[in-house]
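The residues making up each chain are set out below.
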Amino acid sequence: MSDLSSYVFLPLREGDVALYRGSGEGLAPILLVAAEEDSLACVRRLENEYALRPELDAAWAARPIALSRHNDRLALVLDDPGGEPLHRLVGLSPDVSAFLPIAIGLAGVLRQVHERGLVHKDVKPANVLVDTASGGVWLTGFGIASRLPREHLAAAPPEVIAGTLAYMAPEQTGRMNRSVDSRSDLYSLGVALYEMFTGRLPFIAADAMEWVHCHIALQPVPPDERVAGIPGPLSAIVMKLLAKTAEERYQTAAGVEVDLQRCLAAWESVGRIEPFPLGTQDASNRLMVPERLYGREREIDTLLDSFDRVVGDGTPELVLVSGYSGIGKSSVVNELHKALVPPRGLFASGKFDQYKRDIPHATLAQAFRSLVRPLLGQSEPALYRWRAAFQEALGPNGQLITNLIPELAFVIGEQPAVADLPPQETQNRFQMVFRRFLGVFAREERPLALFLDDLQWLDTATLELLEHLVTHSEVRHLMLVGAYRDNEVGPAHPLMRTLEAIRSAGARVQEIVLAPLGLDDVGRLVAEALHCEPERARPLAQLVQEKTGGNPFFAIQFFTALAEDGLLAFHPAARAWQWDIDRIRAKSHTDNVVDLMAGKLNRLPDETQEALKQLACLGNAADIATLTMVHGEPEQAIHLALWEAVRAGFVIQIDGAYKFLHDRIQQAAYSLIAEEHRAEAHLRIGRVLLASMTADQLAEHLFDVANQLNRGAAQLIEQVETVQAATINLRAGHKAKASAAFASARAYFSAGMALLDDKDWSSQYELTFSLWLERAECEFLTGDFDTAAQLIGELLQRAASKVDLASVYHLKVQCHV
């Protein structure tokens, strides 16, 4: 279908993509979806819709035929099923008789879409074709449709969220702490039905953020109160579809279809619709564990009260959320997203990694990248305002931040090198510059919530910086939330000492401790997942509680494992979930969540398990470019290898990276590698990264490469490779030291020293001397004067020139001073 010149095209709708109807003598009728401009987002949407053609049926969708070029633009060619776009009929004259059959047809189409395992994510009248004569209804606009049963979306700026804001489910905004699934389409169906029967949308908004606020916080006026003559039951169906949380909506399109058919039958036979119980046929055969938080109301209120105080008076506040792994710390903190919308606040989050403790400020960099990246897609006037604000805040020290967040260089340009300063002044300068950088985001008109997870693994440099931020008088409009495992943080942990210093300085500190769920909360979770009475679910809930100790993550994983093992099954005739408690008790289930997760991962295809092992070696998350290097295959192969893990909900794809959904899943994936092979796996990754990276890439990812080589150091045999690894540790130490992260720098210098031995003082003198001298200085700077003195004494014996001897004496003088 490369030649489209014989067709005559008539526009059907306009937007970021345009839909045209093509016809010509002797030619099959087609639809043409053309990108208004060849932006990357438009191209990806057209490619995605074309890739879904095997799943799309001509009975209910306009099926893709080809991807082609038309008028120098990429275009998607579709089979034309006929009919008119529904948005041309909406708003003319609301008519129950005319629109009820269309509503039933649209619900039926969505039922078939969902039966194919697809979520459309952009249901709206402009994407619906209707033939009023035949009753045919077809969907178009599958550009952002997903094959995932559940999809986790980040809270992107409203202007760049994929979809149409006026019809978008609350969870699609990324600000509901909930996943997107087939029930998100049912909310959009509710908006479309509301518009069909009333002639107007349920909400009107002036800008993108106001649309988000409407969907997550405002209740629409019921259709029967807005337009006289709309039957109450029909209005109730629409309002049930428009519930804010997916659990309160219809669970299936089939359930909606049945209730609408009942409405039509009554309307056609007696001209009215009597009230009836909704959703009697609305049971899903897929186990959907509710994502609402049970037993956390008080803790969430405490968190939101802290944020309200920050919004109210601008004084920064530190909120600490503690509890065991899997207890739900991140889930509670993510409830902040909804509260951020009215004051137009920003949310940034980063997660410390157990195996990346020596990468200074890495978690802060991760958090602020999520704020900087969206700026690159803004209009030039908006980008100019951000550029001016950054330049004013950072002055001549911009390189300190672009080293940390390379994406910022695309906003403010390449920055000149900063002047060398003595260590203490270096630290003071970095803290001052970072404080001003943060102040560009945290403003009265947009307060900032900064969430740092897994503080038990934080690096010393970040800890010192956090103390500076929370206690410094210039920092305003910042809510800092830190989560940590209290069973891994004892009184001697550096975090505890710093928190005591923060309290002593008079900073506002709020503590939230999460306990395991009680039986009543587990019972509500089980009963609502199975759509049954709590009493019927109680024995099963007791078993889940016994096995998991009320740990929410473990409870959900154990509960879903019962369905995967066939011990919990949906009975089609009874339209209910059934189980045999004795069979469940008889089956041996592990009491260890990591073993349970490892068992689940073992069911995945071999290539998926291999990809997960590599991802686990790289950390909690890794960008696709790094995974491609490590995998040694094209990017598409990575997506294919990880697809089953994404589909199962073990990892998520977000912001050009793959990320484990939970630490315990990463731990389970890592446990799939035999302990005796782990060093070998890390060394292989280190070698691949080193061989694949350009000099600039290596400079940017120096810490990652050093960490992989260090974790594989036991397998290093060749002298050349050992020297290379020691050199990379020296460079990583210098980089850490430049950002005043002296403890991290010490760790890299120590790792480099451990790779060398006595004979290297003669064969690799400069490298060996530099590592020892730098390590000695960092020991001094971090307060370990005894070790510093010991290293200095050794260096005085080893120095091979007067210049080197002078350097050692200079450090010795500093120690004495």
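Bear in mind that the values here come from a model prediction, so they are computed numbers and not experimental data. (Residues numbered from 1 in each chain as written. Predicted model: local features only at pLDDT ≥ 70, side-chain atom pairs only at ≥ 80, totals over all residues. Heavy atoms only, no water.)

**Thoughts on the packing of aromatic side chains**
Part 1 of the reasoning: Applying the stated criterion across every chain, the model contains 19 aromatic pairs.
Part 2 of the reasoning: Considering the side-chain rings of F430 and F434, the 6.2 Å spacing of their centres and the 25° angle between planes classify their relative orientation as stacked. Of this pair, F430 and F434 both sit in helix 15 (residues 423–441), four residues apart, which is roughly one turn of that helix.
Part 3 of the reasoning: Accessibility expressed as a relative area gives 3% for F430, which makes it buried. (Phe/Tyr/Trp six-rings, centres within 6.5 Å; stacked < 30°, edge-to-face > 60°. Helix = DSSP H or I, 4+ residues; strand = E, 2+ residues; numbered from the N terminus. Buried < 20%, exposed > 50% of the residue type's maximum accessible area, 1.4 Å probe, protein only.)

**Comments concerning unusual backbone geometry**
Part 1 of the reasoning: Of note, H361 is a non-glycine position whose phi angle comes to about 60°, a positive value.
Part 2 of the reasoning: With respect to the secondary-structure elements, H361 resides in the loop between strand 10 (346–351) and helix 11 (362–372).
Part 3 of the reasoning: On the accessibility criterion, H361 (2% relative accessible area) is buried.
Part 4 of the reasoning: In this structure, D454 takes a positive phi of about 60° despite not being glycine.
Part 5 of the reasoning: As for its placement among the helices and strands, D454 is situated in the loop between strand 11 (448–453) and helix 16 (460–471).
Part 6 of the reasoning: Looking at D454, the relative accessible area reads 2%, which means it is buried.

**Thoughts on the sheet that holds strand 6 (residues 84–85)**
Part 1 of the reasoning: The three strands lie next to each other as 6-7-8, forming an open sheet whose pairing is antiparallel. Among the strands making up the open sheet, the edge pair consists of strand 6 and strand 8 (136–139).
Part 2 of the reasoning: As judged from the four bridges shared by strand 7 (residues 128–131) and strand 8, these two strands associate in the antiparallel manner. Bridge assignment links L129 to a residue of strand 8, and that residue is W138. (Pairing = 2+ DSSP bridges.)

**So, the pattern of salt bridges**
Part 1 of the reasoning: Taken as a whole and assessed by the stated rule, the structure comprises 50 salt bridges.
Part 2 of the reasoning: Of the charged contacts in the structure, one is a salt bridge between R21 and D80, with a shortest N-O distance of 2.7 Å. Separated by 59 residues along the polypeptide, R21 in strand 2 (residues 17–23) and D80 in the loop between strand 5 (73–79) and strand 6 bring together distant segments of the chain. For the pair R21 and D80, a shared accessibility class is recorded, and that class is buried.
Part 3 of the reasoning: One salt bridge in this structure joins E317 and R309, with 2.7 Å as the shortest N-O distance.
Part 4 of the reasoning: With relative accessibility at 3%, the residue E317 sits in the buried group.
Part 5 of the reasoning: For R309, a relative accessible area of 32% gives the class partly exposed. (Salt bridge = Lys/Arg side-chain N within 4 Å of Asp/Glu carboxyl O.)

**Some words on the packing of helix 6 (residues 232–241) against helix 7 (residues 253–270)**
Part 1 of the reasoning: Packing of helix 6 against helix 7 leaves a shortest axis separation of 10 Å and a crossing angle of 165°. For the element pair helix 6 / helix 7, the angle class is roughly antiparallel. When the axes of helix 6 and helix 7 are compared, the crossing they make is left-handed. Facing L234, I237 and L241 of helix 6, the residues of helix 7 in contact are V256, D259, L260 and C263.
Part 2 of the reasoning: Class assignment for the residues of the contact of helix 6 with helix 7 results in six nonpolar, no polar and one charged. (Axes fitted to C-alpha atoms, helices over the stretch in contact; angles between N-to-C directions. Parallel < 35°, antiparallel > 145°, perpendicular 65-115°, else oblique. Left-handed = near helix turned anticlockwise from the far one by under 90°. Contact = heavy atoms within 4.5 Å. Nonpolar A, V, L, I, M, F, W, Y, C, P; charged D, E, K, R; others polar.)

**Structural notes on the confidence of the model for the protein**
Part 1 of the reasoning: Residues of the protein with pLDDT of at least 70 account for 99%, and the chain-wide mean is 92.
Part 2 of the reasoning: Least confident of the elements in the protein is strand 1 (residues 8–13), whose mean pLDDT is 84; most confident is helix 6, at 98. (pLDDT = per-residue confidence, 0-100.)

**Overview of the pairing of strand 9 (residues 317–322)**
Part 1 of the reasoning: Within strand 9, six of the six residues are buried, which leaves it mostly tucked inside the rest of the structure.
Part 2 of the reasoning: What you see with strand 9 is no split at all: E317, V319 and V321 on one side and L318, L320 and S322 on the other are buried throughout.
Part 3 of the reasoning: Strand direction decides the pairing type here: strand 9 and strand 12 (residues 478–484), joined by six bridges, are parallel. By the bridge assignment for strand 12, L320 is matched with G482.
Part 4 of the reasoning: Pairing of strand 9 with strand 13 (residues 508–513) involves six bridges; the strand directions are parallel. Opposite V319, over in strand 13, you have Q510 as the bridge partner.

**Considerations on the side chain of D459**
Part 1 of the reasoning: Secondary-structure assignment places D459 in the loop between strand 11 and helix 16.
Part 2 of the reasoning: There is no salt bridge for the buried D459, and the closest opposite charge comes from R357, which lies 9.7 Å off by N-O distance.
Part 3 of the reasoning: A polar contact of 3.4 Å, which involves the side chain of D459, links it to the backbone nitrogen of H361.
Part 4 of the reasoning: At a separation of 2.7 Å, a polar atom in the side chain of D459 contacts the side chain of T462.
Part 5 of the reasoning: Once you skip the residues sitting within four places of it in the chain, D459 turns out to touch F352, R357, I359, P360, H361 and S744. (Lys, Arg positive; Asp, Glu negative; His and termini not counted. Polar contact = N/O pair within 3.5 Å; in protein donor to acceptor, adjacent residues only side chain to side chain.)

**Regarding the pairing of strand 17 (residues 651–654)**
Looking along a regular strand, one sees the side chains alternate between the two faces of the sheet.
Part 1 of the reasoning: As defined by bridge partners, strand 17 adjoins strand 18 (residues 657–660) across four bridges and the pair is classed as antiparallel. Among the inter-strand pairings, Q653 is bridged to a residue of strand 18, identified as Y658.
Part 2 of the reasoning: The hairpin turn running from strand 17 into strand 18, its antiparallel successor, is two residues long, and D655 in that turn takes a positive phi close to 55°.

**Remarks on the sheet that holds strand 17**
Part 1 of the reasoning: Pairing within the open sheet is antiparallel, and its three strands lie in the order 16-18-17. Edge positions in the sheet fall to strand 16 (621–623) and strand 17, since each of these pairs with one other strand and no more. The sheet shows a mean angle of 20° between the axes of neighbouring strands, direction not considered.
Part 2 of the reasoning: Bridge count between strand 16 and strand 18: three bridges; the pairing is antiparallel.

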